[in-house]
Amino acid sequence: MTDRILIVDFGSQVTQLIARRVRETGVYCEIHPFNKVTEDTIRAFDPKGVILSGGPASVTGTDTPRAPQGLFGMGLPVLGICYGQQTMVAQLGGVVESSDHREFGRAFVDVNAACALFEGTWAVGAREQVWMSHGDRVTALPAGFSVVAQSEGAPYAAVADDERKFYGVQFHPEVVHTPHGAQLLKTFTHSICGCVGDWTMDAFRETEIAKIRAQVGSGRVICGLSGGVDSSVVAALIHEAIGDQLTCVYVDHGLMRQGESEQVTRVFRDQFKINLVHVDASDLFLGLLAGKTDPEEKRKIIGKTFIDVFEAEAQKIGGADFLAQGTLYPDVIESVSFTGGPSVTIKSHHNVGGLPERMNMKLVEPLRELFKDEVRALGRELGLPDEMVGRHPFPGPGLAIRIPGQEITREKLDILRKADAIYLEEIRNAGLYDVIWQAFAVLLPVRTVGVMGDGRTYDYALAVRAVTSTDGMTADYYHFDHQFLSRLSSRIINEVRGVNRVVYDITSKPPGTIEWE
């Protein structure tokens, strides 16, 4: 069995980053909420080591989260991060207290002793940058521990018990603001826990194909294709496992970007030879959206209509036993979160929410153990074209939410499609597509006065947006040079009839969101 690491989640906003860093080193890991972790579940999971995450609670409070006490007698290496360090110290007999001196953001630690966690990364006497986010702090250590690094606000910034392989850090090694944090995590998983690092997409692909075949048997599977990365990878993987037992349904709501519907048909019907039902429901969707301007109403109409059309097509096909969905690991984490995360509504359109119960079908979710970047890697492994696998995030309601505050019409969709295609073409030509997290155009609900030739125009204003991000939770606008923006504006205004003004959105998230609606 592949080596694995267990991450016990105490509710940190960045727990998923721990898992991403661990998996980047070729080690499989899973996040389990603290209140679902017992000695028995740890033994059943059979990890090579355990990482205790940060969290918002205070160890000094009553009825606050704890790790299973028996964990510390199981002979497993343990790394506690922030709250994880504090609860480990407290549970083993040390002291944690609230402090007047808090640390939030960038800080520096002085390495004052050697330990296995620092080996090959931090030397004694060095001062290293880290990212802190804490109010409480350790004030006394359990027997067997020693201080190996300290900061101005955290005299026990890193502690170690090399004999039992217990380590605690007050800072967050999982975030990019701790420059050597990823290496520290790799040292823990590989050198201290003894993980080999042999978890690859090729290995995952073979294992998952075997699982799909065992689950489906001789049954039939139906998959709702959206043209996005998740559903495309699901379709390619399941088809490799069971061939013609899979039928894909692509509901074309008329709200896709330029050329995307044609690409879906070309890739899945022509290249992969998958049974594909292409439903052009654009007239239906646009008819129901006529006169609607409220963004939430648009989303509900699109989501409900998608499900209705998909269900009708599935009934025409008949006989399907399973429904394939592109559920990803972040959705799974939220659905089992002790804070009751709203995973059910996160992707109700993409994941065809509600259909399994209505259609009496079982779910096939082959991506539920993967993060988004891992799904992309699997897609490339399966031979999907890079322009599909590497595509920027695209909302389920499509271009409908990029025409904010106004009715959706074919004319507006055509204007937006042409402008958006030019924008993405210029980004690709500049070699920036893979640098930017998401880029798109927005047709604004205002017309502005312009001059073209010798005549006066009264046409739409168009906004363009581009952001950089690691996970979409926070984002900064991309800093294009003015030559790029000038060239882009000229092309859009000259080539797209109906637009006479282009503006660039320089709002970060927060306070803004990435999409406009």
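Criteria and thresholds
- Residues numbered from 1 in each chain as written.
- Predicted model: local features only at pLDDT ≥ 70, side-chain atom pairs only at ≥ 80, totals over all residues.
- Heavy atoms only, no water.
- UniProt positions renumbered as here; feature names shortened; annotations may be inferred.
- Helix = DSSP H or I, 4+ residues; strand = E, 2+ residues; numbered from the N terminus.
- Buried < 20%, exposed > 50% of the residue type's maximum accessible area, 1.4 Å probe, protein only.
- Contact = heavy atoms within 4.5 Å.
- Domains from an automatic or database assignment.
- Axes fitted to C-alpha atoms, helices over the stretch in contact; angles between N-to-C directions.
- Parallel < 35°, antiparallel > 145°, perpendicular 65-115°, else oblique.
- Left-handed = near helix turned anticlockwise from the far one by under 90°.
- Nonpolar A, V, L, I, M, F, W, Y, C, P; charged D, E, K, R; others polar.

Identification of the protein chain as GMP synthase [glutamine-hydrolyzing] from Insolitispirillum peregrinum is taken from an unreviewed UniProt entry. Taken directly from UniProt, the Function (unreviewed entry) text for the protein chain runs: "Catalyzes the synthesis of GMP from XMP." Annotation of the protein chain in UniProt includes, under Catalytic activity (unreviewed entry), the sentence "XMP + L-glutamine + ATP + H2O = GMP + L-glutamate + AMP + diphosphate + 2 H(+)".

1. Comments concerning the environment of isoleucine 422
Residue position: isoleucine 422 is located in helix α15 (residues 410-429). Note on isoleucine 422: relative accessible area 7%, which makes it buried. On a C-alpha basis, the gap between isoleucine 422 and glutamate 495 in space is 8.8 Å, while along the polypeptide they are 73 residues apart. Ignoring any residue separated from it by four or fewer positions in sequence, one finds isoleucine 422 in contact with Leu488, Arg491, Ile492, Glu495 and Val496.

2. Here we look at unusual backbone geometry
Leave glycine aside and you will find that most residues have negative phi; peptide bonds, for their part, are mostly trans. Cis geometry is adopted by the peptide bond preceding proline 510, which originates at lysine 509 and carries an omega value of -15°. In this structure, proline 510 sits in the segment after β18 (499-504). In this chain, proline 510 is followed by proline 511 through a cis amide linkage whose omega measures 15°. Within the element layout of this structure, proline 511 appears in the segment after β18. Even without being glycine, lysine 165 reaches a positive phi, approximately 65°. If you trace the backbone, lysine 165 turns up in the loop between β8 (158-161) and β9 (166-169). The exposure class of lysine 165 is partly exposed, given its relative accessible area of 37%. Of note in the backbone geometry, lysine 273 takes a positive phi value of approximately 60° without being a glycine. Examined against the element boundaries, lysine 273 turns out to sit in the loop between α7 (260-271) and β12 (275-280).

3. Comments concerning the domain arrangement of the protein chain
Parsing the protein chain into structural domains produces domain 1 (4-192), domain 2 (201-390) and domain 3 (410-504). For domain 1 versus domain 3, the separation of C-alpha centres amounts to 45 Å.

4. Here's the deal with the packing of α15 against helix α16 (residues 482-495)
Each pair of packed helices can be summarised by the angle the axes make with each other and by the distance between the axes. Axis separation between α15 and α16 bottoms out at 10 Å; the angle between their running directions is 150°. As judged from the angle between their axes, α15 and α16 are roughly antiparallel. In this structure, α15 meets α16 at a crossing whose hand is right-handed. In contact with Ala419, Ile422, Tyr423, Glu425, Glu426 and Ile427 of α15, α16 contributes Phe484, Arg487, Leu488, Arg491, Ile492 and Glu495. Partitioned by chemical class, the residues of the contact of α15 with α16 number 7 nonpolar, no polar and 5 charged.

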